[in-house]
Amino acid sequence: MKLIHTEFNLEMELMENQISVLSIENKKIYTEVLKDLWYQTQGQEGRFILSEKDKQLKISKEMECIFNPFSLNCNDRKILNKLYQEMKEQADSYCQQETIMLNTEINRFLDELLMRMPYALDHNADFDVCGLLKLYAVEVQSQGETLLQRITEYLCAMSKIGGIDNYIFVGLKQYLTEEELENLYEFVLYEKINLILVEAVHSPAISGEKGWIIDRDLCIIDL
């Protein structure tokens, strides 16, 4: 997989078992790159091209750009929506009889309850598995206390449930120690998750990293 910026002649080969680190020393270009990444991961236009085997991929479908790691939540709405849909498909395939019985009992309960009320009332007799899951607050178990734990929980949930395997973190080296980064790298490599770090300052490489620098004069250094 390749990530290419058409204006700055930047070409990053995103390889398995490799952490990609892009350091941008020119502040104006740093802002421009982040703007493109944000727009394109939100489905808008930009100057990055993501491709695999000469096939261009839609960045918003394949990548997520994370500016604030403290905001990560493994029970994000987009994760839960996909989780509920997956559980609904399981119910439709393997729990049809139980679903029918549950719907019958719920409707019987509602009918009896409505009959006891001094008003003319009605209810929807259709059974909604997703609605039931929301009602009972079915969620991904979250025990993360440290920032590193919250990041790994989110990546695990989003990768396995949301189907996204490519993540761009902005300024992550400013938040995590070298030991924490090493632990994160070990986790994503094991889970086969592609991690791209975009940093404003170049720092010494950590084992497993492949680096590129856009310096103040806009020269690209392939480390």
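The structure reproduced in this document is the subject of the present report. (Residues numbered from 1 in each chain as written. Predicted model: local features only at pLDDT ≥ 70, side-chain atom pairs only at ≥ 80, totals over all residues. Heavy atoms only, no water.)

1. Digging into a nonpolar patch on the surface
- A contiguous nonpolar surface patch, about 510 Å² in accessible area, is contributed by Phe109, Leu113, Met117, Tyr119 and Leu121.
- Mapped onto the fold, leucine 113 is located in helix H4 (residues 96-115). (Patch = residues over 30% accessible without salt bridge, like charges linked within 9 Å, V, L, I, M, F, W, Y side chains within 5 Å. Areas by Shrake-Rupley, 256 points an atom, 1.4 Å probe, with all protein chains shown as cover. Salt bridge = Lys/Arg side-chain N within 4 Å of Asp/Glu carboxyl O. Helix = DSSP H or I, 4+ residues; strand = E, 2+ residues; numbered from the N terminus.)

2. A few points about the pairing of strand E2 (residues 10-13)
- Residues Leu10 and Met12 of E2 are buried on one face, while the alternating residues Glu11 and Glu13, pointing to the opposite face, are not.
- Pairing geometry for strand E1 (residues 2-5) and E2, over four bridges, is antiparallel. In the sheet register, isoleucine 4 faces E2, and the bridge partner there is glutamate 11.
- Here E1 folds back onto E2 in antiparallel fashion, the turn holding four residues, of which asparagine 9 has a positive phi close to 55°. (Buried < 20%, exposed > 50% of the residue type's maximum accessible area, 1.4 Å probe, protein only. Pairing = 2+ DSSP bridges.)

3. Re helix H3 (residues 77-94)
- Over its 18 residues, H3 runs 25 Å from end to end, which matches the ideal 26 Å to within 8%, given 1.5 Å per residue.
- Every buried residue of H3 is accounted for by Ile79, Leu80, Leu83, Tyr84 and Ala91. One face of H3 carries all of its buried residues, which in axial projection span an arc of 125°.
- Looking at the packing, one finds that the buried side of H3 touches H4, helix H5 (129-135) and helix H6 (147-162). (Expected span 1.5 Å × (residues − 1). Arc of directions from axis to C-beta. Contact = heavy atoms within 4.5 Å.)

4. Notes on the sheet that holds strand E4 (residues 48-52)
- Spatial strand order, E2-E1-E4-E5: four strands in an open sheet with antiparallel pairing. Strand pairing shows two members of the sheet lacking a second neighbour, E2 and strand E5 (55-57), which therefore form its edges. Across the sheet, the axes of successive neighbouring strands diverge by a mean angle of 30°, strand direction being ignored.
- In this sheet, E5 lies alongside E4 in antiparallel orientation, the contact comprising three bridges. By the bridge assignment, serine 51 is partnered in E5 with glutamine 56. (Axes fitted to C-alpha atoms, helices over the stretch in contact; angles between N-to-C directions.)

5. With respect to the pairing of strand E7 (residues 166-170)
- Most of E7 is tucked away, with five of its five residues classed as buried.
- Burial along E7 is two-sided: Asn166, Ile168 and Val170 and Tyr167 and Phe169, pointing in opposite directions, are all buried.
- Of the strand pairs in this sheet, strand E6 (residues 63-66) and E7 are connected by four bridges, and their pairing is parallel. Of the residues in E7, the one forming a bridge with glutamate 64 is tyrosine 167.
- Across five bridges, the pairing between E7 and strand E8 (residues 194-199) is parallel. Within E8, the position partnered with valine 170 by the bridge is valine 198.
- In this region the chain leaves E7, passes through helix H7 (residues 178-191) and returns to the parallel neighbour E8; the handedness of that crossover is right-handed. (Right-handed = clockwise from strand over helix to strand, strands pointing away.)

6. Observations concerning the nonpolar core
- Counting residues in each nonpolar core, the largest one holds 35 residues, and the members touching the most others are Ile151, Leu155, Tyr167, Phe169, Leu184 and Leu195.
- At the level of secondary structure, the elements contributing two or more residues to this core comprise strand E3 (19-24), H3, H5, H6, E7, H7 and E8.
- Of the residues forming this core, the biggest block, eight residues, is contributed by H6.
- With 25 residues, the next largest nonpolar core counts Met1, Phe8, Leu57 and Val170 among its residues. (Core = buried A, V, L, I, M, F, W, Y, C linked by side-chain atoms within 4.5 Å.)

7. Considering the side chain of glutamate 199
- Turning to its location among the elements, glutamate 199 is positioned in strand E8.
- A polar atom in the side chain of glutamate 199 sits 3.1 Å from the backbone nitrogen of leucine 172.
- Here lysine 173 takes part through its backbone nitrogen, which lies 3.0 Å from a polar atom of the side chain of glutamate 199.
- Among all residues touching glutamate 199, those that are not within four sequence positions of it are Val21, Leu22, Ser23, Ile24, Tyr30, Gly171, Leu172, Lys173 and Gln174. (Polar contact = N/O pair within 3.5 Å; in protein donor to acceptor, adjacent residues only side chain to side chain.)

8. A look at the packing of aromatic side chains
- Summed over all chains, the structure comprises two aromatic pairs.
- For the ring pair tryptophan 38 and phenylalanine 67, a centre distance of 5.6 Å and an interplane angle of 80° mean the geometry is edge-to-face. With a gap of 29 residues between them, tryptophan 38 in helix H1 (residues 27-41) and phenylalanine 67 in the loop between E6 and H3 connect regions that are remote in the sequence.
- A relative accessible area of 34% places phenylalanine 67 in the partly exposed class.
- Judged by centre distance (5.4 Å) and plane angle (85°), the ring pair of phenylalanine 70 and tyrosine 175 falls under edge-to-face. Within this pair, whereas phenylalanine 70 is found in the loop between E6 and H3, its partner tyrosine 175 is found in the loop between E7 and H7, the two being separated by 105 residues in sequence.
- Stacked on the ring of tryptophan 212, the Lys or Arg lysine 210 has its end atom at 5.1 Å from the ring centre. (Phe/Tyr/Trp six-rings, centres within 6.5 Å; stacked < 30°, edge-to-face > 60°. Lys NZ or Arg CZ within 6 Å of the ring centre and 35° of its normal.)

On their own, these measurements won't tell you what the molecule is for.
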